[in-house]
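Structure assessment
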Amino acid sequence: TILLSFFASCVPQKKFTAMEERASRLHRDSVNFYNEILGLNGTLSKLQVEQEMTQSKLKKSKDQLNSNYETIAEQQARLAELQKRIELQKTATETLRKTIANALGSFNADQLTVSLKNGKVYVSMSEQLLFASGSAEVGKEGKDALASLAKALNENTDINVNVEGHTDSIPIVKKYTDNLAL
């Protein structure tokens, strides 16, 4: 206290009080800044955690996006391959249709037709070409048409053939009980 009184006596009281107040303000400001730094450090820590989580989510999203790109690329390649196969099938089917049409070209359009439907070749032969009404015997012209068709089909062994037929309404009672039996 002697030293304090000595300084107090050397410095005017007004100046001393002003310096004490300034020291007190600086101390308060220092405490406030310290508390603010603690708060900012806490906020910084939270932001760093959020940044890490965001980066983790971003990495997962990038990985998922890359996976999606790979899947899309695989699907595009598969689609291209399927389109290529479809085009080859269309070409093969059209070639078969032309081959059959050429083989049967000597017959009239009212006797038979060769067409494409749903990716398949259809050959429709009229009953007048194949049979006389009320008969189960294939006529000469029908045999010629079937022989030409058989030759064209034998040259294309990698195809599936479905044969459909029908009868007219006149029953053949000499050999069959009814047309369903035929």
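Here the structure is shown first, and the text comes after it.
This structure is a prediction, so every number in the text was calculated from the model and none was measured. (Residues numbered from 1 in each chain as written. Predicted model: local features only at pLDDT ≥ 70, side-chain atom pairs only at ≥ 80, totals over all residues. Heavy atoms only, no water.)

The secondary structure content of the chain amounts to 4 helices and 2 strands. The order of helices and strands in the chain, counted from the N terminus, is α-α-β-β-α-α. Here the chain has a C-alpha radius of gyration of 50 Å; the compact-globule value for 182 residues is 16 Å, and the former is much larger. Judged by the C-alpha coordinates and their principal axes, the chain covers about 150 × 35 × 25 Å. The 182 residues of the chain split such that 10% are buried. For the chain, restricting intrachain contacts to residue pairs at least 6 apart in sequence, the fraction spanning at least 24 positions comes to 41%. Only carbon and sulfur atoms are counted for the fraction: they give 56% of the accessible area of the chain, which is about 15200 Å². Here the chain carries 23 positive and 22 negative side-chain charges, and the mean point of each set is 9 Å from the other. (Helix = DSSP H or I, 4+ residues; strand = E, 2+ residues; numbered from the N terminus. Rg over C-alpha atoms; globule rule 2.2 N^0.38 Å. Buried < 20%, exposed > 50% of the residue type's maximum accessible area, 1.4 Å probe, protein only. Contact = heavy atoms within 4.5 Å. Areas by Shrake-Rupley, 256 points an atom, 1.4 Å probe, with all protein chains shown as cover. Lys, Arg positive; Asp, Glu negative; His and termini not counted. Charge placed at Lys NZ, Arg CZ, Asp CG, Glu CD.)

What follows concerns the side chain of Thr-93. If you trace the backbone, Thr-93 turns up in helix α2 (residues 13-103). Every residue in contact with Thr-93, bar those within four places of it in the chain, is listed here: Leu-116, Gly-119, Lys-120 and Val-121.

Counted according to the given criterion, the structure contains 0 aromatic pairs. The side chain of Lys-117 reaches across the aromatic face of Tyr-122, ending 4.8 Å from its centre. (Phe/Tyr/Trp six-rings, centres within 6.5 Å; stacked < 30°, edge-to-face > 60°. Lys NZ or Arg CZ within 6 Å of the ring centre and 35° of its normal.)

Right, let's get into the pairing of strand β2 (residues 120-125). Relative to β2, strand β1 (residues 112-117) runs antiparallel, the two sharing 6 bridges. When the sheet's bridge partners are listed, Thr-113 is paired in β2 with Ser-124. Turn length for the β1-β2 hairpin, with the two strands adjacent in sequence and antiparallel, is 2 residues, and the turn residue Asn-118 shows positive phi of about 50 degrees. (Pairing = 2+ DSSP bridges.)

Let us now look at the side chain of Gln-111. Relative to the assigned elements, Gln-111 resides in the loop between α2 and β1. Among the polar contacts made by the side chain of Gln-111, one reaches the side chain of Glu-141 at a distance of 3.1 Å. Residues contacting Gln-111, with those up to four places away along its chain left out, are Ser-124, Met-125, Ser-126, Leu-129 and Glu-141. (Polar contact = N/O pair within 3.5 Å; in protein donor to acceptor, adjacent residues only side chain to side chain.)

Inspection of the entire model under this criterion finds 5 salt bridges. Between Arg-85 and Glu-81 there is a salt bridge; the shortest N-O distance is 3.4 Å. Here Arg-85 and its partner Glu-81 are both found in helix α2, 4 residues apart, which amounts to about one turn of the helix. With a closest N to O distance of 3.8 Å, Lys-90 and Glu-87 form a salt bridge. Note that Lys-90 and Glu-87 are positioned in helix α2 at a spacing of 3 residues, about one turn of the helix. (Salt bridge = Lys/Arg side-chain N within 4 Å of Asp/Glu carboxyl O.)

Under the 1.5 Å per step criterion, the end-to-end length of helix α4 (residues 140-154) is 21 Å for 15 residues, consistent within 8% with the ideal 21 Å. Within α4, the full set of buried residues consists of Gly-142, Ala-145, Leu-149 and Ala-152. Viewed end-on, α4 has its buried residues packed into an arc of 90 degrees, placing them on one side of the element. Facing away from the buried side of α4 by over 90 degrees, the exposed positions are Lys-140, Lys-143, Lys-151 and Asn-154. On its buried face, α4 sits against α2, β1, β2 and α3 (127-130). (Expected span 1.5 Å × (residues − 1). Arc of directions from axis to C-beta.)

Before going further, it helps to examine a nonpolar patch on the surface. Where nonpolar side chains cluster on the molecular surface, the patch consists of Leu-65, Tyr-69 and Ile-72 and spans about 300 Å² of accessible area. One can find Tyr-69 in helix α2. (Patch = residues over 30% accessible without salt bridge, like charges linked within 9 Å, V, L, I, M, F, W, Y side chains within 5 Å.)

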